[in-house]
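Structural features, examined
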Amino acid sequence: MTNRRIAVVVKGYPRLSETFIAQEILALEQRDIDIEIWSLRHPTERALHPMHKAIKARVTYLPEHLYEEPLRVLRGALWSLRQKGFGQTIKAFWRDLKRDFTANRVRRLGQAFAMARELPPDVQHLHVHYLHTPASVVRYAALLTGRTWTFSAHAKDIWTTPDWEKREKMAEALWGVTCTAQGAEHLQSLSPPEHVSLVYHGLDLSRFPAPPENRPARDGSDPLDPLRIVSIGRAVAKKGFGDLIQALAALPQDLHWRFVHVGGGELLNSLKKQVQDAGIANRVVFLGSKPQPEIIALLREADLFVLPSKEAKSGDRDGLPNVIMEAASQGLAIAATDFAGIPEFIRSGLEGELVPPGDWEALSNVINLLARDPGRRQALGAAAYARLRQDFSMEGSIDGLEARFRSLTGVPKREPEPV
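Residues numbered from 1 in each chain as written. Predicted model: local features only at pLDDT ≥ 70, side-chain atom pairs only at ≥ 80, totals over all residues. Heavy atoms only, no water.

Turning our attention to the overall build of the chain. A count of helices and strands for the chain gives 17 helices and 13 strands. Relative to the globule expectation of 22 Å for 419 residues, the C-alpha radius of gyration of the chain, 23 Å, shows essentially globular dimensions. On the principal axes, the C-alpha backbone points of the chain span a range of 75 × 60 × 40 Å. Within the chain, the proportion of its 419 residues that are buried is 56%. Restricting to contacts in the chain with at least 6 residues of sequence separation, those with at least 24 account for 75%. When the accessible surface of the chain is totalled, it reaches about 18,100 Å², and 52% of it is carbon and sulfur. (Helix = DSSP H or I, 4+ residues; strand = E, 2+ residues; numbered from the N terminus. Rg over C-alpha atoms; globule rule 2.2 N^0.38 Å. Buried < 20%, exposed > 50% of the residue type's maximum accessible area, 1.4 Å probe, protein only. Contact = heavy atoms within 4.5 Å. Areas by Shrake-Rupley, 256 points an atom, 1.4 Å probe, with all protein chains shown as cover.)

Looking now at the sheet that holds strand β4 (residues 123-129). The strand order β3-β2-β1-β4-β5-β6-β7 describes an open sheet built from seven strands, whose pairing is parallel. The strands lining the two open edges of the sheet, one partner per strand, are β3 (59-61) and β7 (196-198). Across the sheet, the mean angle from the axis of one strand to that of its neighbour is 25°, orientation sign disregarded. Examined bridge by bridge, β4 and strand β5 (residues 148-153) share five bridges and lie parallel to one another. Its bridge partner being in β5, His-127 is matched across the sheet by Thr-150. (Pairing = 2+ DSSP bridges. Axes fitted to C-alpha atoms, helices over the stretch in contact; angles between N-to-C directions.)

Taken in spatial order, the six strands line up as β10-β9-β8-β11-β12-β13 in an open sheet, and their pairing is parallel. Each having just a single partner strand, β10 (284-286) and β13 (353-355) make up the two edges of the open sheet. Strand-to-strand, the axes of this sheet are offset by a mean angle of 20°, without reference to chain direction. With three bridges connecting them, strand β9 (residues 257-262) and β10 associate as parallel partners.

Now for helix α6 (residues 133-145). It helps to recall that an α-helix has 3.6 residues per turn; residues three or four apart then point in one direction. Spanning 13 residues, α6 covers 19 Å between terminal C-alpha atoms, matching the ideal 18 Å at 1.5 Å per step. Burial runs high along α6: twelve of the 13 residues are buried. Listing the buried residues of α6 in full gives Thr-133, Pro-134, Ala-135, Ser-136, Val-137, Val-138, Arg-139, Tyr-140, Ala-141, Ala-142, Leu-143 and Leu-144. Note on α6: the residue one or two positions beyond its end, Gly-146, has a positive phi of about 80°. (Expected span 1.5 Å × (residues − 1).)

Here we take up the pairing of strand β12 (residues 333-337). Burial within β12 is extensive, with five of its five residues counted as buried. By the alternation rule, side chains of β12 split into Ala-333, Ala-335 and Thr-337 and Ile-334 and Ala-336, which are all buried. Sheet topology note: the strand β11 (residues 304-307)/β12 ladder contains four bridges and is parallel. Paired with Val-306 across the two strands is Ala-335, which belongs to β12.

Taken together, the side chains of Leu-71, Leu-74, Leu-78 and Leu-81 define a hydrophobic patch exposed on the protein surface, amounting to about 400 Å² of accessible area. Position of Leu-81 relative to the elements: it lies in helix α3 (residues 70-81). (Patch = residues over 30% accessible without salt bridge, like charges linked within 9 Å, V, L, I, M, F, W, Y side chains within 5 Å. Salt bridge = Lys/Arg side-chain N within 4 Å of Asp/Glu carboxyl O.)

Core analysis: the largest hydrophobic core is formed by 58 residues, its most contacted members being Leu-248, Trp-257, Phe-305, Phe-345 and Ile-367. Excluding anything up to four places from it in sequence, Leu-248 contacts Ile-229, Trp-257, Phe-259, Ile-280 and Ile-367. (Core = buried A, V, L, I, M, F, W, Y, C linked by side-chain atoms within 4.5 Å.)

Limitation: the analysis is restricted to geometry and does not speak to function.
Following this line, the structure appears as structure tokens:
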């Protein structure tokens, strides 16, 4: 088999909220897997993660809106008309469009036309992150060109994509992976179970400093040295930050605390208004998106990490949020919800404390109890760090992906040089 490269397709690149994808790409590059990145959208954030700067892969941006690059889309469409796979592609597109009559479907086909025409000949396999919009583009491009494709499913794409669409896409892909046991079980119910594997993202601990040896024993009793609470995540419904604000507002008056939120998102302004209405604006800071070094510094200085994930009305939900593992990498005590992939890492009472999703009263109670007990926080943080190192490091997941991609590209594994 001749050596071949892989096109990794993502919805947007680079994105601070998707460092797990950057981590995977960088690790595979470091193992001599030759990758190029194709993105459906241009970046919207100014800040870059250090991993994005280290990634060497070429990035190609597809037309984000077809009207913005009409000649590029037209050239792709004319080229596609002459391909053997055109008829099969249009049949698949028409079946999709009849069941989901939206402009989005047309945009995905136009992006696929451009991608199919522009793919280099030595890129013979496509791997897509997310089973919804990006996988539609990849599926059409694969049908047009006769290339193989595989997928990584994550969270929103699993729970908001119709079952018929997931079934059809998975039937055409060579294989897929997903990052939570809950997600794997669902996808395996729609396809041959062996077709989808559970592969945790894990965390590359080489990117993080060791946890602080000691943390101040704050207990919220000193107004001059309040408890430091932090949370990281986009301000979207599935993160449950509205519940967290309610929980903070309900804390006893004798408990002194400060809360910092990191992340952008569509609900940020409404959360700020909720904080004002609750009368706690003098204790809450919204920092917006921040680069990784600043986030690590916040985690090291904090006393408690909180993430109240829940299911959004749209059906969207988290997988196993990377920020949970990042908090654990710094030995930080964690309070979160018993939801999605979180309990696969945090076992309540062992590595952290979990409450039912949407139950802000229970969350407030847990925050209050942990705030007043620095010894308990230290024990939970140490246990979370130990579990991260033992069961959720990145190496195991990358080993499996590396082997899969090598079988597709024909690139032999580089043997270590003799000492």
